[in-house]
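Coordinates in review
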Amino acid sequence: MITLAPPPVTAAHRGRMLAVLLTGQAMASMDGSIVSVGAVTIREGLHASGAEIQLIVSGYLLTTGVLLVTCARIGDVIGHRRAFLLGLGWFTGASLLCGLAPDATVLVLARVAQAMGAALLTPQIFSLIHMHWEGAARRRAIGVYSMVLALGVALGQVIGGLVAGADLFGLSWRPIFLINIPIGVILLTVGPRVLLHSRTDRQQVRLDLAGVVLLTAAMTALTVPLIFGQDHGWPTWAWISLACGAALLVAFARYETRVRQPLLDFAALRPDGTKPGLAACWIIMGCYTVFLLTLTLHLQTALGYSPLQAGLAFVPYALGFGALSLSWNRYPQWLQSTLPIAGPITFAAGSALLVLLYRDEWSPLGSIPLLFLAGAGHAAGYSPLIAQITSLVEARFASAISALNATGPMLAGVAAVAGLGSVYFAAPSSADGLLRVVTAGIVLLAIGTTCAIRVASLARRTAREGVS
């Protein structure tokens, strides 16, 4: 499919369009973690078993992870605008089912349906930004998008704690889901008026069904043991499943190079810098996910914080991430190119100092500058790099790069939680576990920094060749 240049559009129209897209992204991102805070209340209200609660919390992540690449390609088939609105409507309707669920079984099924809607709408957001924004405007849009994508998990914990704790209208945990209904209805009313169509040629785009089957099997085999293996002591079936998933993923990649219209077009990775750039982004997002989880657990289990207090503790991190995400594109060009290298280092330094100084006795005031620093480092290592990768990839590969940008961080987060989460729980104390996790994170972030340096060197070489 060849994507032609979009018609001229005003900055104000783009602003309204971005607001609709990012509000949809925020809803989908927050619902990945908002349930974790209300899990105890849900268990008591529905008399759910531990296994059912685990499915309610993890089923959302599992379903989205399995379907993201396929749903990104569906945007090419039916149009990214239509796919976004369809996913948004599906997500909103499933949220209503979640809020009205009479028992745990219905809630599990409704959460899977909700995740299907999220998997359909989220990849279209990056694709639409890639197609309808250019230059500095695109960099600003990606900065805001990155902020919403990364902070959705943390904000979900805060909002979930507020809503569940308030017991609105005596509905206990149900407003956690029902809050999506008015927001979704507003977006579905405004969205068709402001979202732009993407003009394409007349070539019919088809969905690679064999690729869908291969990738779905591979992602299921990989994510199920990563999500559930730790809680079951990493039994033999988990390792067999991981090996099968890896083999199926290799088979999928080989198959995709031979089909005419692949589900995931790996040609998007041909430009120099895309592969190490994506690897660096995935590493920093994986380290963020496990840092957020283990520090939250430490605050609650070792230091006696409530879920809401633990969620609010991350507000300085969110402010640091937001401040850098919204401002980096106004920095001088030499500084913008340095940020992806300095970002992982800053993130590692802020998180390490935080754990070394305050893991035994938390200081709300003392932790603020270090959390702010870590959040700013996270943004510096992610947002500018994603913008640079996007500039290297042609618009016709928008769905492929969107799928990689959505699936990679999710898998990295799941793998980090599974691997480093085991390290945390195996430690003799929560404080020791947190220190071990951060130490491992420093090693991973060093690898991410190496990848970012590779991208920067390629960018400098390209710039010199362009001048000559």
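To start, this report covers the structure provided alongside it.

This paragraph deals with the packing of aromatic side chains. Counting across every chain of the model gives 11 aromatic pairs. For the pair tryptophan 173 and phenylalanine 177, a centre-to-centre distance of 6.1 Å together with 85° between the ring planes defines the contact as edge-to-face. Grouping residues by exposure puts tryptophan 173 and phenylalanine 177 together as buried. Judged by centre distance (6.1 Å) and plane angle (85°), the rings of phenylalanine 291 and phenylalanine 347 are edge-to-face. Here phenylalanine 347 lies in helix 15 (residues 333-358) and phenylalanine 291 lies in helix 12 (residues 274-301), a separation of 56 residues in the sequence. Each of the two residues, phenylalanine 291 as well as phenylalanine 347, counts as buried. Counting every residue linked through ring pairs, the aromatic cluster contains Tyr288, Phe291, Phe314, Tyr317 and Phe347.

Among the structural elements, threonine 449 can be located in helix 18 (residues 430-467). On the basis of relative accessible area, threonine 449 is assigned to the buried category, the value being 9%. Sequence-distant contacts of threonine 449, that is, excluding residues within four places in its chain, are made with Ile341, Pro344 and Ile345.

Let us look at the packing of helix 12 against helix 15. Axes are the key here: two packed helices are described by the angle between their axes and the distance separating the axes. At a minimum axis distance of 12 Å, the contact between helix 12 and helix 15 shows a crossing angle of 15°. By the angle class used here, helix 12 and helix 15 are roughly parallel. For the element pair helix 12 and helix 15, the recorded crossing hand is left-handed. Side by side, helix 12 and helix 15 meet where Ile284, Cys287, Tyr288, Phe291 and Leu295 of the first sit next to Pro344, Phe347, Ser351 and Leu354 of the second. For the contact of helix 12 with helix 15, the class distribution of residues is eight nonpolar, one polar and no charged.

Attention now moves to unusual backbone geometry. For residues other than glycine, phi is negative in most cases, and the peptide bonds are mostly trans. Despite not being glycine, histidine 47 has its phi angle at roughly 50°, a positive value. Inspection of the secondary structure assignment puts histidine 47 in the loop between helix 3 (39-46) and helix 4 (50-78). Overall, the relative accessible area of 70% leaves histidine 47 in the exposed class. Although it is not a glycine, tryptophan 234 sits at a positive phi angle of roughly 50°. Examined against the element boundaries, tryptophan 234 turns out to sit in the loop between helix 10 (209-228) and helix 11 (236-256).

Regarding helix 3, the residues found buried are Ala39, Ile42 and Leu46. Buried residues in helix 3, looked at end-on, bunch into an arc of 60°, giving them a common side. Along helix 3, the residues that are exposed and aim more than 90 degrees away from the buried face are Val40 and Glu44.

Rules used in this analysis
- Residues numbered from 1 in each chain as written.
- Predicted model: local features only at pLDDT ≥ 70, side-chain atom pairs only at ≥ 80, totals over all residues.
- Heavy atoms only, no water.
- Phe/Tyr/Trp six-rings, centres within 6.5 Å; stacked < 30°, edge-to-face > 60°.
- Buried < 20%, exposed > 50% of the residue type's maximum accessible area, 1.4 Å probe, protein only.
- Helix = DSSP H or I, 4+ residues; strand = E, 2+ residues; numbered from the N terminus.
- Contact = heavy atoms within 4.5 Å.
- Axes fitted to C-alpha atoms, helices over the stretch in contact; angles between N-to-C directions.
- Parallel < 35°, antiparallel > 145°, perpendicular 65-115°, else oblique.
- Left-handed = near helix turned anticlockwise from the far one by under 90°.
- Nonpolar A, V, L, I, M, F, W, Y, C, P; charged D, E, K, R; others polar.
- Arc of directions from axis to C-beta.

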